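Reading the structure
For reference, the chains in residue letters:
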Amino acid sequence: RAYGSCINMPLAKQGGESVPVKQEAHRDRAVDDDDDEEVTPRKRVKREESEEERYAQSRHCPYLDTINRQVLDFDFEKLCSVSLSHLNVYACLVCGKYFQGRGRHSHAYTHSVQMGHHVYINLHTLKFYCLPDNYEVIDPSLEDIKYVLNPTFTVEEIDHLDQKKRVRALDGSTYLPGLVGMNNIKANDYMNVIFQALAQVPPVRDYFLREENYMHIKRPPGDQSFILVQRLGELVRKLWNPQNFKSHVSPHEMCQASVKTSKKKFQFTEQGNAIDFLQWLLNTLHMALGGTKKAGSSMHCLVLYVYS
């Protein structure tokens, strides 16, 4: 029985007898996986030195001058331009294209080697990286890119929004925050007028300008309507962003969320009725924010919040 258990194992001669030799359990173990390795004082010093060198390198990236803010557009769906995946997507800050991953065999890594484009931002974590060297870039000059991707507003800033002043975009055009043009992708103008109208209602605007107002609302598993709340919040914040790179915004992601949530009842490829869309949108937002068909069912009820 003991011999049978070793019959498929390689044998090594030892003292004239053949004994079984165990194969490696993990042949493809990661190179930097040293959990079982004893860390000696010398190794610890080397590791600390390498971390200090990496930190110094992140502070002095030599490729920051290759960033082209003119081509950056974060309004479109965040998926890899090669694999069409939504997972772990990075934006190239030189050409503006989206690529997945930053590992050695990822599309972003390949793009950095082939095209010589080195600076990327993770569209989810908002962290900057230099490829193919694969170190994080920490520089205060990149804060404007992070803010365009994810604008944030304090309570004090929201209180002074009605005191509108014209601001200048990166392309030289001027605009009033909140009064920003929207791209007509194909036939989504009936959607755009509703988005613009809701963004001008102060209670709605103030509610969606702060993600903290709705980010902790719990939804049942499998519920897809809450994506509409998230996309509308992102769109409202971009409309009121005083640091936009351009004087117009694309509602592409909000339109896609509307198509998906309405099960294609409303589409941006063909004309629809704006009043019907408004009624559906308010009702869906109300339910997604925890409301029911009963009056006053939720403190997050959008309609009650607006007209109370």
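Residues numbered from 1 in each chain as written. Predicted model: local features only at pLDDT ≥ 70, side-chain atom pairs only at ≥ 80, totals over all residues. Heavy atoms only, no water.

1. What about the sheet that holds strand E5 (residues 119-122)?
Taken together, five strands build an open sheet; the order of strands is E4-E3-E5-E6-E7 and the sheet is antiparallel. Edge positions in the sheet fall to strand E4 (98-100) and strand E7 (135-137), since each has one partner strand and no second. Geometrically, the sheet is characterised by an average inter-axis angle of 40° between neighbouring strands, direction not taken into account. Relative to E7, strand E6 (residues 128-130) runs antiparallel, the two sharing three bridges. Residue pairing for E7: Cys 130 is matched across the bridge by Tyr 135. Sheet strands touched by helix H2 (residues 107-115): strand E3 (89-92), E4 and E5. Its angle to E4, the strand with the most contacts, is close to 120°. (Pairing = 2+ DSSP bridges. Helix = DSSP H or I, 4+ residues; strand = E, 2+ residues; numbered from the N terminus. Axes fitted to C-alpha atoms, helices over the stretch in contact; angles between N-to-C directions. Contact = heavy atoms within 4.5 Å.)

2. Regarding empty space enclosed by the protein
With the rule as written, the count across this model stands at two cavities of 30 Å³ or more. Computed from the structure, the largest cavity encloses a volume of approximately 90 Å³. If you go around the largest cavity, the residues you meet are Leu 72, Asp 73, Phe 74, Asp 75, Val 148, Lys 238, Asn 244, Phe 245, Lys 246, His 248 and Val 249. Of the residues contributing to the lining of the largest cavity, the split by class is five nonpolar, two polar and four charged. Residue assignment for the lining of the second largest cavity shows that the elements contributing at least two residues are helix H7 (226-239) and helix H8 (252-261). Grouping the amino acids of the lining of the second largest cavity by side-chain chemistry returns three nonpolar, two polar and five charged. (1 Å grid on protein atoms, 1.4 Å probe; cavity = no way out; pocket = protein on both sides within 12 Å on 5 of 7 lines; lining within 4 Å. Points joined across faces, edges and corners; volume = space filled by probe spheres on them. Nonpolar A, V, L, I, M, F, W, Y, C, P; charged D, E, K, R; others polar.)

3. Re the pattern of salt bridges
Counted according to the given criterion, the structure contains ten salt bridges. When the shortest N-O distance is used, the salt bridge between Lys 78 and Glu 253 registers 3.0 Å. With Lys 78 in the loop between helix H1 (41-59) and E3 and Glu 253 in helix H8, this pair connects stretches of sequence that are 175 residues apart. Of the two residues, Lys 78 and Glu 253, both sit in the buried class. For Arg 205, the salt bridge identified is with Asp 162, shortest N-O distance 3.0 Å. With Arg 205 in helix H6 (residues 202-209) and Asp 162 in the loop between helix H4 (155-159) and strand E8 (167-168), this pair connects stretches of sequence that are 43 residues apart. A single network of salt bridges, built from pairs that share partners, joins Asp 73, Asp 75, Lys 238 and Lys 246. (Salt bridge = Lys/Arg side-chain N within 4 Å of Asp/Glu carboxyl O. Buried < 20%, exposed > 50% of the residue type's maximum accessible area, 1.4 Å probe, protein only.)

4. A word on the packing of aromatic side chains
For any pair of aromatic rings, the description consists of the separation of the ring centres together with the inter-plane angle of the planes. Within the structure shown, the criterion is met by ten aromatic pairs. With a centroid separation of 6.0 Å and 75° between ring planes, the pair formed by Tyr 90 and Tyr 129 is classed as edge-to-face. Residue Tyr 90 is found in strand E3, and its partner Tyr 129 is found in strand E6; the two are separated by 39 residues along the sequence. Residue Tyr 90 is classed as buried on the basis of its relative accessible area, which comes to 1%. (Phe/Tyr/Trp six-rings, centres within 6.5 Å; stacked < 30°, edge-to-face > 60°.)

5. Considerations on the layout of surface pockets
Put simply, the largest pocket is a space of about 890 Å³. Lining the largest pocket are 25 residues, and of these Lys 78, Ile 227, Arg 231, Glu 234 and Glu 253 lie nearest its centre. Contributing elements (two or more residues each) for the lining of the largest pocket: H7 and H8. Sort the elements by how many residues they give to the lining of the largest pocket and H7 lands first, with six residues. The residue makeup of the lining of the largest pocket, split by class, is eight nonpolar, eight polar and nine charged. Computed from the structure, the second largest pocket encloses a volume of approximately 220 Å³.

6. So, the packing of H8 against helix H9 (residues 274-288)
Running from N to C, H8 and H9 point in directions that differ by 85°, and their axes come no closer than 12 Å. The angle between H8 and H9 falls in the class roughly perpendicular. Together, Met 254, Ser 258 and Thr 261 of H8 and Phe 277, Trp 280, Leu 281 and Thr 284 of H9 make up the contact between the two elements. Of the residues belonging to the contact of H8 with H9, the class tally is four nonpolar, three polar and no charged. (Parallel < 35°, antiparallel > 145°, perpendicular 65-115°, else oblique.)

7. Describing the packing of H7 against H9
It is the contact of H7 with H9, at a shortest axis distance of 8 Å, that shows an interaxial angle of 110°. Between H7 and H9, the angle falls in the class roughly perpendicular. Only Trp 280, Leu 281, Thr 284, Leu 285 and Ala 288 of H9 make contact with H7, whose side of the interface consists of Phe 226, Leu 228, Val 229 and Leu 232. Broken down by class, the residue content of the contact of H7 with H9 amounts to eight nonpolar, one polar and no charged.

8. A short note on the confidence of the model for the chain
A residue-level look at the chain finds 75% of positions with pLDDT of 70 or above and a mean pLDDT of 81. Confidence drops under pLDDT 50 across residues 1-39; counting only partners more than four residues distant or on other chains, this segment forms 25 contacts. (pLDDT = per-residue confidence, 0-100.)

9. Section: the side chain of Ser 262
Residue placement: Ser 262 occurs in the loop between H8 and H9. A polar atom in the side chain of Ser 262 sits 3.4 Å from the backbone oxygen of Val 259. (Polar contact = N/O pair within 3.5 Å; in protein donor to acceptor, adjacent residues only side chain to side chain.)

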